[in-house]
Amino acid sequence: MWESLYPPSPREVEVPLKGRSSAMTPGERVRMGLLYVAHALPLLWPFVLLGAAGWLVTDLVAVWSWRTLAVIGLAMAFLGSLRAYSSRWNRRPEDVRPVSQTDQPGLWRFVEKIAADQSARVPDGLIVNASAECRWFDRWTPFGGIRSHLVIGQWVIELFSLGELKALLSLRLACVRGLPWEQRRARLRQGLALRLSGEDHWSDDDFGAGRMMRGLWWFSAWPVIVILKVILWNEGNHTDPYADDETACRLAGTDATLLVMAKSDRLEQVLKGMDKLALQCADGGFWVENLFTLTPDAIRLQLEDTDREQWQGLQLPRTPTLARDREWFDLGASYASNFWVGFPEGDRREERAKRNYLWNEADSRPSTLLIDKLSVVRRELTARQYRRLNLELTDTYPVSISLLRRWLYRETESPFPASAGQLYAEGRLIEPGSKIDRESSQLPEDEAELWHGLPTLYDEAGKVWLRWSDVSKRLEKIAAKNDRSRKDDIQTEHLQRAKRDSALALAGFDHRLHVIHRQLAARIDNPKLVAELARRTEAVVRFQTLVSQARQWTRVLRRDRDSVAETMRPNPRFLRDVHLTIRDALDRLEEILDWCKHLEDTEVSSLIEQMPLDRFLCSHTHLPDGKSGSMASRIEETWRLWREVRRKADWLHIQLVAGMVRVHEDIVQAFADHMEVSVN
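So, here is what we can say about the structure in this document. As the structure is a prediction and not an experimental result, all values here were calculated from the model.

1. Focus on the overall build of the protein chain
Here is step 1 of the chain: Within the protein chain one finds 26 helices and six strands.
Here is step 2 of the chain: Counting the 680 residues in the protein chain, one finds 48% classified as buried.
Here is step 3 of the chain: Contacts in the protein chain between residues far apart in sequence, at least 24 positions, make up 82% of those at least 6 positions apart.
Here is step 4 of the chain: For the protein chain, the accessible surface area stands at approximately 35000 Å², while carbon and sulfur atoms represent 54% of it.

2. Some points on the side chain of aspartate 138
Here is step 1 of the chain: Here aspartate 138 is to be found in strand E4 (residues 134-141).
Here is step 2 of the chain: Summary of buried charges: aspartate 138 has no salt-bridge partner, and the nearest side chain of opposite charge, arginine 121, is 5.4 Å away.
Here is step 3 of the chain: Polar contacts involving the side chain of aspartate 138 include one to the side chain of serine 148, which spans 3.0 Å.
Here is step 4 of the chain: In contact with aspartate 138, other than residues within four places in its own chain, are Arg88, Trp89, Asn90, Ile146, Arg147, Ser148, Gln190 and Leu194.

3. Points about the pattern of salt bridges
Here is step 1 of the chain: Inspection of the entire model under this criterion finds 32 salt bridges.
Here is step 2 of the chain: A salt bridge links glutamate 164 to lysine 263, with the shortest nitrogen-to-oxygen separation between them at 3.2 Å. With glutamate 164 in helix H6 (residues 162-174) and lysine 263 in helix H11 (residues 254-264), this residue pair connects regions lying 99 residues apart in the sequence. For the pair formed by glutamate 164 and lysine 263, the shared burial category is buried.

4. With respect to the environment of phenylalanine 292
Here is step 1 of the chain: On the secondary structure map, phenylalanine 292 appears in the loop between helix H12 (267-283) and helix H13 (295-302).
Here is step 2 of the chain: Spatially, the C-alpha atoms of phenylalanine 292 and arginine 379 are 9.1 Å apart, while their sequence positions differ by 87 residues.
Here is step 3 of the chain: Excluding anything up to four places from it in sequence, phenylalanine 292 contacts Gln154, Trp155, Glu158, Arg378, Leu381 and Thr382.

5. Some thoughts on helix H17 (residues 374-388)
Here is step 1 of the chain: The terminal C-alpha atoms of H17, which comprises 15 residues, lie 21 Å apart, in line with the 21 Å expected from a rise of 1.5 Å per residue.
Here is step 2 of the chain: Listed as buried for H17 are Leu374, Val377, Arg378, Leu381, Thr382, Ala383, Arg384, Gln385 and Tyr386.
Here is step 3 of the chain: Of the surrounding secondary structure, the elements contacted by the buried residues of H17 are strand E2 (96-99), strand E3 (125-129), helix H5 (154-159) and H12.
Here is step 4 of the chain: Downstream of H17 by one or two residues, asparagine 390 has phi in the positive range, about 60°.

6. Observations regarding the pairing of E2
Here is step 1 of the chain: Along E2, the buried face is formed by Arg97 and Val99; none of Val96 and Pro98, which line the opposite face, is buried.
Here is step 2 of the chain: When E2 meets E3, the two strands line up antiparallel, connected through four bridges. Bridge pairing in E3 places valine 96 opposite asparagine 129.

7. Quick look at H11
Here is step 1 of the chain: Burial of H11 is extensive: eleven of the eleven residues sit out of reach of the surface.
Here is step 2 of the chain: Along H11, the residues that are buried comprise Thr254, Asp255, Ala256, Thr257, Leu258, Leu259, Val260, Met261, Ala262, Lys263 and Ser264.

8. Here we look at unusual backbone geometry
Keep in mind that most residues, glycine aside, have a negative phi and that most peptide bonds are trans.
Here is step 1 of the chain: Of note in this structure, glutamate 609 is not a glycine but carries a positive phi near 55°.
Here is step 2 of the chain: Structurally, glutamate 609 is set in the loop between helix H24 (602-607) and helix H25 (613-617).
Here is step 3 of the chain: The backbone phi angle of glutamine 610 is positive, close to 65°, even though this residue is not glycine.
Here is step 4 of the chain: Mapped onto the elements of the fold, glutamine 610 is located in the loop between H24 and H25.

9. Re the pairing of strand E5 (residues 145-153)
Here is step 1 of the chain: Most of E5 sits out of view: seven of its nine residues are buried.
Here is step 2 of the chain: Pairing analysis gives five bridges linking E3 to E5, with the strands arranged parallel. Bridge pairing in E5 links leucine 126 to leucine 150.
Here is step 3 of the chain: Strand direction decides the pairing type here: E4 and E5, joined by eight bridges, are antiparallel. Paired with tryptophan 140 across the strands is isoleucine 146, a residue of E5.

10. Some words on the packing of aromatic side chains
Here is step 1 of the chain: For the structure shown, the criterion picks out ten aromatic pairs.
Here is step 2 of the chain: Pairing tyrosine 6 with phenylalanine 110 gives two aromatic rings, centres 5.6 Å apart and planes at 65°, and the pair type is edge-to-face. Of the two residues, tyrosine 6 sits in the loop between helix H1 (2-5) and helix H2 (26-60) while phenylalanine 110 sits in helix H4 (residues 105-117), which places them 104 residues apart along the sequence.
Here is step 3 of the chain: Residue class for tyrosine 6 comes out buried when judged on its relative accessible area of 13%.

Quick notes on the rules
Residues numbered from 1 in each chain as written. Predicted model: local features only at pLDDT ≥ 70, side-chain atom pairs only at ≥ 80, totals over all residues. Heavy atoms only, no water. Helix = DSSP H or I, 4+ residues; strand = E, 2+ residues; numbered from the N terminus. Buried < 20%, exposed > 50% of the residue type's maximum accessible area, 1.4 Å probe, protein only. Contact = heavy atoms within 4.5 Å. Areas by Shrake-Rupley, 256 points an atom, 1.4 Å probe, with all protein chains shown as cover. Lys, Arg positive; Asp, Glu negative; His and termini not counted. Salt bridge = Lys/Arg side-chain N within 4 Å of Asp/Glu carboxyl O. Polar contact = N/O pair within 3.5 Å; in protein donor to acceptor, adjacent residues only side chain to side chain. Expected span 1.5 Å × (residues − 1). Pairing = 2+ DSSP bridges. Phe/Tyr/Trp six-rings, centres within 6.5 Å; stacked < 30°, edge-to-face > 60°.

Here you go:
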């Protein structure tokens, strides 16, 4: 099946090897022999040190104390020289997933086909991780020799098409193309470079045994190190990035190659946006098993306008003429990331690549077609990406992608109509009165007065809400002061009185608006709308109890958290009070979650897509006991739990109120149709 997924080349030609002969010249044989000598020197050097120790003990030094010091010094040097034969590697990929040929045969065959088309060495292994990179990872072991692995980030597979992935892999594999003896020589050169500068397991301990062993290695084997560096310097750099670009253009086309150069340079920005989105979701208590489907949302919500436009503008032109005139890199501009570190500037590579222009049809099929069991791979790599961000997916309840998207766009897409959005913004708790008052209240106005008074009523209520919101913000600003004056106390009393008056006025508006819409629905003889209005309003009023509790406990816990953080030496009474607050908060949280388990509300269930309400409000499978850890960590953990409940409860409350307002709009529209008038 994978053969049908392999994009065609611009023309069926073999990539030449510059006409080089398969036979080695005498000079190349000498350089090859020096590389073998360089690999044998570290193996022979410890035995040279042992012979020197024996000679010092038996013949040279007559004083036993000097003999002892000499033996100890050479023994330490011998141990230090063994570091050259520990496993060495370049920068290790984080949290990788090795891919075997039986696990992902399609991806392996795809890479092998690209390597065969350009006479390149097939990687010894493939590694997929939750990153946006495509590079080589070389490892040297004393008994296994050099092992070259190709690291392909899952984000590359997700964001690149098959044609683009072919171009990118062609660029990475072109640096290991050559005749068999050239590939063997390149492996020896890589192993020598890893011995001199590669990382190993000693490097993980910078201040213990690792630091000592590195010092002993330089102390004991400095003659060998000098010889190895001279041999490596004599080898020089055999890579030609322009020739590699030309090879990729022959296999994938000039446009696809240049597109990949520009697109991969901006992959890091997309990954940073995805990381921000994952942290934002986790902070709000939303966990998903597949982060890769949120890529368009990360680009839209997290990238700056300029970066978003640049990323979305990276598309292949439709005709060869437009493609030839397209400029992918600005003149003299440097790369935006480290993806092409060590390569020439982008504009110079673009100029050289367009000298022998090759047009190729774009293959826009997704690269994920190469991955078997894609959902399983995505879930595993999502967990790895969470770990890379110091987050843990275990012991949490994941939510659906559609539900998460509705929460993500809560600030950019208002659920309220323009006429009533200001009145119900910021999750204001409505007070339409008790159920008996809502059903029994009547207004004396006739139909015309009810109809024409609605716009004015909304305007007046909006002005009162603005006054209430302004007073609330001023009260919060005064409460945040550390040293409050007498003037602040007097101002607080006046503001609290103004807030109470505004709240009473808003409650009157809520009650009047409900009664007006109920009477309008009743006068057009529409019992369905009357029942729908009553059901929606009852759902809002019932759920507001939970919202009020969540806001209250979040405010109390935040106050205690700030007090614990500011107090250097808290007294025992203060610590006892905070401990009791934590215990009461956790007990109350358990009661609320238990109440949510038995709450049967069709409106809430439809909003959270039939997910249990307790699992939606608190995504953790187990609540903390409130006893383990320091006081600061306990109050922080409890506050975060209640903050999560409050954020989700506020969002649900806004959605419920928006549903009620939409019923208001339906009633107004139905009344207008009944009276044969237009809605202004």
